[in-house]
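A look at the structure
So the chains spell out like this:
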Amino acid sequence: MTNGLLPSDIEALARKVVEANAQAGRTVALAESCTGGLVAAALTEVPGSSAVFDRSYVTYSNAAKREMLGVSSEIIETFGAVSIACVWAMAKGALERSGADVAVAISGVAGPGGGTKLKPVGTVVFARVTRHSESEPEGELKLFDGPDRATIRREAALWALELLMPHGKEQAEQSEI
């Protein structure tokens, strides 16, 4: 049980994300589709999150992805909204339209309907783009085997929070400062 709005595991990870990014001196932005703002809600449950959290775009429809984040119609028509290409474009759009240092995007099929043979229910794609990074955006496809829509969205939110943690080279560079 939790004293807050969200489950305790999500709140605990959100707290770690806020603390780690505050310590690293970086801000974050989100572009959420299937999670519908759940990751943003988790971050804003943490006191002091305003020092880290810049903004979130909840772009549930394809039109919202195009209008708010600049995702091209060609990407959506060719690869679909649940694709690495789409979440890369979403993350890039969120980063370009914000003052954040890093952006994470999420899109997926939470179910119970909407799945296909190629993209079954539980398919969720993620991307992370870091400002001033020479590396390519990071993209990942996960297949969450949840018994229901809420479980898939919860697992996707937890994974997105993990992606917001400073990792690897970024963390090493910050510790040298």
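Residues numbered from 1 in each chain as written. Predicted model: local features only at pLDDT ≥ 70, side-chain atom pairs only at ≥ 80, totals over all residues. Heavy atoms only, no water.

1. Focus on the overall build of the protein
Helix and strand counts for the protein come out as 7 helices and 5 strands. Of the regular secondary structure in the protein, the N- to C-terminal order runs α-β-α-β-α-α-α-β-β-β-α-α. In terms of C-alpha radius of gyration, the protein reaches 15 Å, essentially the compact-globule figure of 16 Å for 177 residues. Based on the C-alpha atoms only, the size of the protein along its principal axes is roughly 45 × 40 × 25 Å. The 177 residues of the protein split such that 46% are buried. Carbon and sulfur atoms make up 53% of the accessible area of the protein, which totals about 8900 Å². The average position of the 17 basic charges and that of the 22 acidic charges among the side chains of the protein differ by 4 Å. (Helix = DSSP H or I, 4+ residues; strand = E, 2+ residues; numbered from the N terminus. Rg over C-alpha atoms; globule rule 2.2 N^0.38 Å. Buried < 20%, exposed > 50% of the residue type's maximum accessible area, 1.4 Å probe, protein only. Areas by Shrake-Rupley, 256 points an atom, 1.4 Å probe, with all protein chains shown as cover. Lys, Arg positive; Asp, Glu negative; His and termini not counted. Charge placed at Lys NZ, Arg CZ, Asp CG, Glu CD.)

2. Concerning the nonpolar core
One finds Leu43, Ile106, Leu161 and Leu164 to be the most contacted residues of the largest nonpolar core, which totals 34 residues. The element contributing the most residues to this core is helix α6 (residues 149-163), with 7 residues. Counting residues in hydrophobic clusters, the runner-up holds 22 residues, among them Tyr57, Cys86, Val87 and Val109. (Core = buried A, V, L, I, M, F, W, Y, C linked by side-chain atoms within 4.5 Å.)

3. Looking at the pattern of salt bridges
Going through the model one piece at a time under the given rule, you end up with 5 salt bridges. Here arginine 154 makes a salt bridge to glutamate 155, at a shortest N to O gap of 2.6 Å. According to the relative accessible area criterion, arginine 154 is partly exposed, its value standing at 26%. Residue glutamate 155 is classed as partly exposed on the basis of its relative accessible area of 29%. Through salt bridges with shared partners, a single network forms among Asp9, Arg154 and Glu155. (Salt bridge = Lys/Arg side-chain N within 4 Å of Asp/Glu carboxyl O.)

4. Section: the packing of aromatic side chains
Counted according to the given criterion, the structure contains 1 aromatic pair. Geometrically, the ring pair formed by phenylalanine 126 and phenylalanine 144 is edge-to-face, given 6.3 Å between the ring centres and 85 degrees between the ring planes. Taken together, the residues span a long stretch of sequence, with phenylalanine 126 in strand β4 (residues 123-130) and phenylalanine 144 in the loop between β5 (138-143) and α6 at a distance of 18 residues. Here lysine 142 stacks its cationic end above the ring of tryptophan 159, 3.9 Å away from the centre of that ring. (Phe/Tyr/Trp six-rings, centres within 6.5 Å; stacked < 30°, edge-to-face > 60°. Lys NZ or Arg CZ within 6 Å of the ring centre and 35° of its normal.)

5. Some words on the side chain of serine 83
One can find serine 83 in the loop between α4 (73-79) and α5 (84-96). Classification of serine 83 by relative accessible area gives buried; the value is 8%. At 3.1 Å, the side chain of serine 83 forms a polar contact with the backbone nitrogen of cysteine 86. Ignoring sequence-local partners within four residues, the contact set of serine 83 consists of Lys119 and Val125. (Polar contact = N/O pair within 3.5 Å; in protein donor to acceptor, adjacent residues only side chain to side chain. Contact = heavy atoms within 4.5 Å.)

6. Focus: the sheet that holds β5
Read across the open sheet, the 5 strands follow the order β2-β1-β3-β4-β5; overall the sheet is mixed. Pairing within the sheet leaves two strands with one partner each, and these edge strands are β2 (53-58) and β5. Pairs of neighbouring strands in the sheet enclose a mean axial angle of 15 degrees, with direction left out of account. Of the strand pairs in this sheet, β4 and β5 are connected by 6 bridges, and their pairing is antiparallel. The residue bridging valine 125 from the neighbouring strand is leucine 141, located in β5. Strand contacts of α6: β3 (102-108), β4 and β5, with the helix running at about 20 degrees to β4, the strand carrying the most contacts. (Pairing = 2+ DSSP bridges. Axes fitted to C-alpha atoms, helices over the stretch in contact; angles between N-to-C directions.)

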